[in-house]
Amino acid sequence: MIDSQSSLRTLSDIPYEDLLFSMMRLRAVEETIAEKYWEQKMRCPVHLSTGQEAVSAGIGKLLRPTDFAVSGHRAHAHYLAKGGSLKRMLAEIYGRRTGCSSGKGGSMHLIDESIGFKGSTAIVGGTIPIGTGLGLSIAINKTDQISVVFLGDGAVEEGVFYESVNFAVLRKLPVLFLCENNFYSVYSPLHVRQPEGREIHRMVSGLGIRTGYGDGNDVISVYKICLEAITKIRAGEGPCFLEFATYRWREHCGPNFDNDIGYRSEAEYLSWKAKEPIHRLEQLMIKSGLLTSSKKLAMETKIRDEVTSAFEFANTSPMPEPIDAYCDLYHYEAERENTKKDRF
């Protein structure tokens, strides 16, 4: 079992300021998307992760550009924390040619191969086998990369998750399965989908994989737990599954709050908001003398300027041309002819 206390013994330095800045930046991006969504210029649905910033920020500071990562439909923070371009991500959401998927994929289909972010998908669990396959490529090429598979608690209920974990354990692949458990699959709480009292990480440990659990609203805990897991994976000790308890503030899909439609209560939302990750780290840093009001203001200004510039880039970028619909496509016939030539 991986926990923050065991990793604390090997931790020499925690990048407090970087972690705070990353969470503040992710929050600003998501909240500005929610604010501007009503302009009806964004060309796709959006799945926001406001309130869940600690997991992305924590692991993002530990990954290298050469490491691989894949995600699902709630991927904005994962993409950005891995080093993806904010301008290109927003342009993608606006359906512009300058988007990271050329305006063809939208919010749920982000990719940037230059920093190892190999894609996200709207299909629950759809990228789990892809991330596992990327781990196999690392093992074959004998590099010190890792492959991170971001998934939610709902994806754990897909058969492909168990097949992928089993294969990763069998082949001792350098894969980190990172589960953000926000307790809801759309509008279905965990207790109507899983037996009462079941803990996901303990269930998954039955597959023979090393597991860990942490508070997904405590970015320092996330950082420490991920540090230990990644260190072991890079050392050749095989895959790992981490579960972090967290909570999304806004609706499953869209810019609104939905505490009034019956599937969760305002009281529950407020209880989670009271322990939100950014304020927690701010208070810790203030008490430790690591954060002053002037430093925080400088961080806020830098983030605001970047976000403003990125939205302006997205809003003024060109729309795709009709010919673009025929570009960057897999052409089966051409590939079949090439295969024949190679074979004969």
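Data block above holds the structure.
Anyway, here's the lowdown on the structure attached to this text. (Residues numbered from 1 in each chain as written. Predicted model: local features only at pLDDT ≥ 70, side-chain atom pairs only at ≥ 80, totals over all residues. Heavy atoms only, no water.)

Considerations on the nonpolar core
- Ranked by internal contacts, the top residues of the largest apolar core, which has 62 residues, are Ile-33 and Met-89.
- With ten residues, the top contributor of residues to this core is helix α9 (residues 219-234).
- With sequence-adjacent residues up to four places away left out, Met-89 is seen in contact with Val-29, Ile-33, His-76, Tyr-79, Leu-80, Cys-100 and Leu-110.
- Among the nonpolar cores identified, the runner-up in size contains 21 residues, and Leu-134, Phe-161, Ala-168 and Val-175 belong to it. (Core = buried A, V, L, I, M, F, W, Y, C linked by side-chain atoms within 4.5 Å. Buried < 20%, exposed > 50% of the residue type's maximum accessible area, 1.4 Å probe, protein only. Helix = DSSP H or I, 4+ residues; strand = E, 2+ residues; numbered from the N terminus. Contact = heavy atoms within 4.5 Å.)

Remarks on helix α12 (residues 293-316)
- The end-to-end C-alpha separation of α12 is 34 Å, in line with the 34 Å expected for 24 residues at 1.5 Å each.
- The inward-facing, buried residues of α12 abut α2 (16-36) and α5 (86-93). (Expected span 1.5 Å × (residues − 1).)

Quick notes on the sheet that holds strand β1 (residues 68-71)
- Spatially, β2-β1-β3-β4-β8-β7 is the arrangement adopted by the six strands of the open sheet, whose pairing is parallel. In the strand order of this sheet, the two ends are held by β2 (117-120) and β7 (210-215), each with one partner. On average, each strand axis in the sheet is inclined to that of its neighbour by 15°, with strand direction left out of account.
- Bridge analysis of β7 against strand β8 (residues 240-245) gives six bridges, and the strand direction is parallel. By the bridge assignment, Arg-210 is partnered in β8 with Cys-240. (Pairing = 2+ DSSP bridges. Axes fitted to C-alpha atoms, helices over the stretch in contact; angles between N-to-C directions.)

Just distances and angles here, no functional claims.
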